[in-house]
There are 2 protein chains.
Amino acid sequence: MNQSGMRGDRRSPKDPPSLAERIRLEMESFTPSEKRAAHLLLSHYPFAGLDTVAEFATRAGISAPSVLRFVTRLGFGGFPDFQKHLREELEAQLLSPLAKASPSDKSQGAPALASFAEAVIGNLKATVDNIAPAEFDAVVTLLSDSRRHIHFTGGRFTGALARYAESHFRIVRSHVDFIEGQPALWRDRVIEIGRKDVVVAFDIRRYQEDVTALCETAAKQGATVVLLTDPWLSPIARVARHVLPAHIIAPSNWDSSAGLLLLTEALVAAVTKRLWDTAKPRMEAVERLRNENS
Amino acid sequence: MNQSGMRGDRRSPKDPPSLAERIRLEMESFTPSEKRAAHLLLSHYPFAGLDTVAEFATRAGISAPSVLRFVTRLGFGGFPDFQKHLREELEAQLLSPLAKASPSDKSQGAPALASFAEAVIGNLKATVDNIAPAEFDAVVTLLSDSRRHIHFTGGRFTGALARYAESHFRIVRSHVDFIEGQPALWRDRVIEIGRKDVVVAFDIRRYQEDVTALCETAAKQGATVVLLTDPWLSPIARVARHVLPAHIIAPSNWDSSAGLLLLTEALVAAVTKRLWDTAKPRMEAVERLRNENS
DNA sequence: CAGGTTCTGAAATTTCTGATACAGCTTTTC
DNA sequence: GAAAAGCTGTATCAGAAATTTCAGAACCTG
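What counts and how
- Residues numbered from 1 in each chain as written.
- Chains lettered and ligands numbered in written order.
- Predicted model: local features only at pLDDT ≥ 70, side-chain atom pairs only at ≥ 80, totals over all residues.
- Heavy atoms only, no water.
- Pairing = 2+ DSSP bridges.
- Helix = DSSP H or I, 4+ residues; strand = E, 2+ residues; numbered from the N terminus.
- Axes fitted to C-alpha atoms, helices over the stretch in contact; angles between N-to-C directions.
- Contact = heavy atoms within 4.5 Å.
- Near = heavy atom within 4 Å.
- Polar contact = N/O pair within 3.5 Å; in protein donor to acceptor, adjacent residues only side chain to side chain.
- Buried area = accessible area lost by both parts, 1.4 Å probe.
- Salt bridge = Lys/Arg side-chain N within 4 Å of Asp/Glu carboxyl O.
- Nonpolar A, V, L, I, M, F, W, Y, C, P; charged D, E, K, R; others polar.
- Buried < 20%, exposed > 50% of the residue type's maximum accessible area, 1.4 Å probe, protein only.
- Arc of directions from axis to C-beta.
- Core = buried A, V, L, I, M, F, W, Y, C linked by side-chain atoms within 4.5 Å.

- As recorded by an unreviewed UniProt entry, chain A carries the name DNA-binding MurR/RpiR family transcriptional regulator and is attributed to Microvirga lupini.

Spelled out as structure tokens, the structure:
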């Protein structure tokens, strides 16, 4: 499952060899029925091809076998192959409106930052769009229950986010801690996690087995697991009560955690607001201590 | 065409009640498995639903019958019906150019999350606008100098960002470490920081004196200090060679670090790209170790 | 903690789709 | 104008996909 570690070799950004283009070029060499199929496909590209063979054939006014011959001729192993290609092309096209809109910029370094920012902003929008309000609210409610203990944890990179969350929640409310991902560090602590506990896990692709193990153990003992992950969902999702996915793809060899941070900060804000009566004195107390000690 | 929206309500009358929207609203009433299905669909909307039932079930981590129950519950006659609806919706959306620009429904849902995200996005834009490209480039060049040692540090909250940066740079290049903000923890290490060293400090409002002290000491010993801070500039700015400010105000009792994260990730991306020849083998080696150990 | 309800997945069942063989028709070629 | 070659559709099949059944598991509820 461990897909190659990095997305190092980036495909040339310029020309996506669309299937539509190829069909236009080869149009001459098609037989009459193939032409009818091609015309139908091009006129409603690519949606016409997403129906069944029979539907496509009827709409094109030809027979099913002719449709099959058509897609075979295009080099696909079969109709499902053909459809899969169409879907992937469509998805790629729909998901990267930013890539094309990359505006011309001034110097050399600016594009890097500007386009990176653009991609991240796109991620944030997509993340928000795909979060169910009810789910978000449910998590807020859960984290606002001051009787529960909350444990934050995360992987190699996302561990930092877990710490970030913990450092805020720790001030807003009590019973908050951070658990290192390495099993050796939590084996003795996890036994105390039970029905009243909440585990908030951060885990994105190249999902880390130790984090999964921690959550599974916790879940088995009755804890409520909240997962912040990528759209492909960490395996932790199987034991999680609540899942908040964030988009993470950026023009980089690394994934972006901005969406996760956004969710984290939004949760902190919401919980702080909801617990304000108790949070305010706590925050003031922390502030007082800081001033005294320095 | 009934245009009931003659009033000043912001809700645009055109919005087709997207299936995604409905799913978000009904999310609460779903059973656990149905939620899994809903999450998968929303996170990859609508492409996740265009595969086969079996594929969808596997990816969602549930069984095929559960998927069927899910689509039935949404009011479709069966899976093919459901897919047909998705295709039609997709087609309609793709054909209207503006439709996909911002389908965020701020009708009722999660004003908390949506408006928070909007503020954060505003911060990111403002941050990028106010960064001098030359300054950004200079920092990239500095961090790409593999002969230098790089030390990351930060305060209460920003310390997590410093860790995040460190965990990435550590893989891209050598001579990278993280220094805790508390003086007791760095007193003995800082004496080794000298002319060839770079200190990257994260510090925003309620600037932390210990972090400032660390940077001042380092600067005094000839180290180059890079500062990521807020627009009001941490006192560290006085000893810093490069300063990258990020906007941090959000509708919350807390400041948002999203701008700092953006800068961090952009730096990681740029340095990784510049050091690619040496970074790639390092990343591959790390990947190999992970696989062996697990 | 029993009894009832809801939820879930393995397996059996049904439906439907994509694929193929083959024969008729059309076009080409000499 | 006849034979060959190419194209197309009908009929049929194999296999995959969706659906239903059913029993067990999980979860309430009193």
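## Examining the sheet that holds strand E4 (residues 224-229) of chain A
All names here are of chain A.
- If you trace the five strands from one edge of the open sheet to the other, you get E2-E1-E3-E4-E5, paired in parallel fashion. The outermost strands of the open sheet, each flanked by one partner alone, are strand E2 (176-178) and strand E5 (242-245). In this sheet, neighbouring strand axes are inclined to one another by 15 degrees on average, regardless of whether the strands run parallel or antiparallel.
- Taken together, the six bridges between strand E1 (residues 149-154) and strand E3 (residues 197-203) define a ladder with parallel strand orientation. Its bridge partner being in E3, Phe152 is matched across the sheet by Val200.
- Running at roughly 160 degrees to E3, helix H11 (residues 209-220) makes contact with E1, E3 and E4 of the sheet.

## Here we look at the protein's contact with DNA strand C
- Near DNA strand C there are 15 residues, and of these Val53(A), Leu68(A), Thr31(B), Ser33(B) and Ser66(B) occur at the shortest range.
- Within 4 Å of the protein, the atoms of DNA strand C are drawn from sugar and phosphate moieties in a proportion of 76%.
- One of the backbone N or O atoms of Phe79(A) is found 3.0 Å from a phosphate oxygen in DNA strand C.
- Mapped onto the surface near DNA strand C, the elements with two or more residues apiece are helix H3 (53-60), helix H4 (64-73) and helix H5 (79-95) of chain A together with helix H2 (32-43) and helix H4 (64-73) of chain B.
- In terms of residue count, H4(B) provides more of the surface near DNA strand C than any other element does, three residues in total.

## Focus on the interface of chain A and chain B
- At the junction of the two partners, chain A supplies 78 residues and chain B supplies 72 residues.
- In total, about 7,100 Å² of surface goes out of reach between chain A and chain B, with carbon and sulfur atoms giving 67% of it.
- Taken together, chain A and chain B are joined by four salt bridges.
- The residue Glu287(A) makes a salt bridge to Arg206(B) at a minimum N-O spacing of 3.3 Å.
- Where chain A meets chain B, there are 17 residue pairs in polar contact (both at pLDDT 80 or more).
- For the side of chain A that touches chain B, the secondary-structure elements that each account for two or more residues are H5, helix H7 (109-129), helix H8 (133-143), helix H9 (158-172), E5, helix H12 (258-274) and helix H13 (276-293) of chain A.
- Top element by residues in the side of chain A that touches chain B is H7(A). It accounts for twelve residues.
- When grouped by side-chain class, the residues that make up the side of chain A that touches chain B number 44 nonpolar, 18 polar and 16 charged.

## Some words on the pattern of salt bridges
- Counted according to the given criterion, the structure contains 23 salt bridges over all chains.
- Among the salt bridges present, the one from Asp177(A) reaches Arg189(A), with a minimum N-O distance of 3.1 Å. You can see Asp177(A) sitting in strand E2 and its partner Arg189(A) sitting in helix H10 (residues 183-190), a full twelve residues away along the chain.
- Of the charged contacts in the structure, one is a salt bridge between Lys84(B) and Glu88(B), with a shortest N-O distance of 4.0 Å.

## Focus on helix H3 (residues 53-60) of chain B
Residue and element names in this part refer to chain B.
- For H3, the full list of buried residues reads Val53, Phe56, Ala57 and Ala60. Across the axial projection of H3, the buried residues extend over an arc of 100 degrees, all falling on one side.
- Two residues or fewer past H3, Gly61 is found with a positive phi of approximately 75 degrees.

## Concerning the nonpolar core
- Grouped together as the largest cluster of nonpolar side chains are 103 residues, with contacts concentrated most on Phe152(A) and Phe152(B).
- Look past the residues within four positions of Phe152(A) in its chain and what remains in contact with it is Ala162(A), Ala165(A), Glu166(A), Phe169(A), Val176(A), Asp177(A), Phe178(A), Ile179(A), Val200(A) and Phe202(A).
- Counting residues in hydrophobic clusters, the runner-up holds 55 residues, among them Val53(A), Leu86(A), Ala132(A) and Ala134(A).

## Things to note about the protein's contact with DNA strand D
- Contacts to DNA strand D come from 16 residues, most closely from Thr31(A), Ser33(A), Val53(B), Leu68(B) and Phe79(B).
- Of what DNA strand D places within 4 Å of the protein, 69% of the atoms are sugar or phosphate.
- Within the contact set of DNA strand D, a phosphate oxygen lies 2.6 Å away from a side-chain nitrogen or oxygen of Thr31(A).
- Between DNA strand D and the protein, one listed contact pairs a phosphate oxygen with a side-chain N or O atom of Ser63(A) at 3.1 Å.
- Those elements that provide at least two residues to the surface near DNA strand D are helix H2 (32-43) and H4 of chain A together with H3, H4 and helix H5 (79-95) of chain B.
- Considering every element that reaches the surface near DNA strand D, the biggest residue donor is H4(A), with three residues.
- Along the lines of polarity and charge, the residues of the surface near DNA strand D split into nine nonpolar, six polar and one charged.

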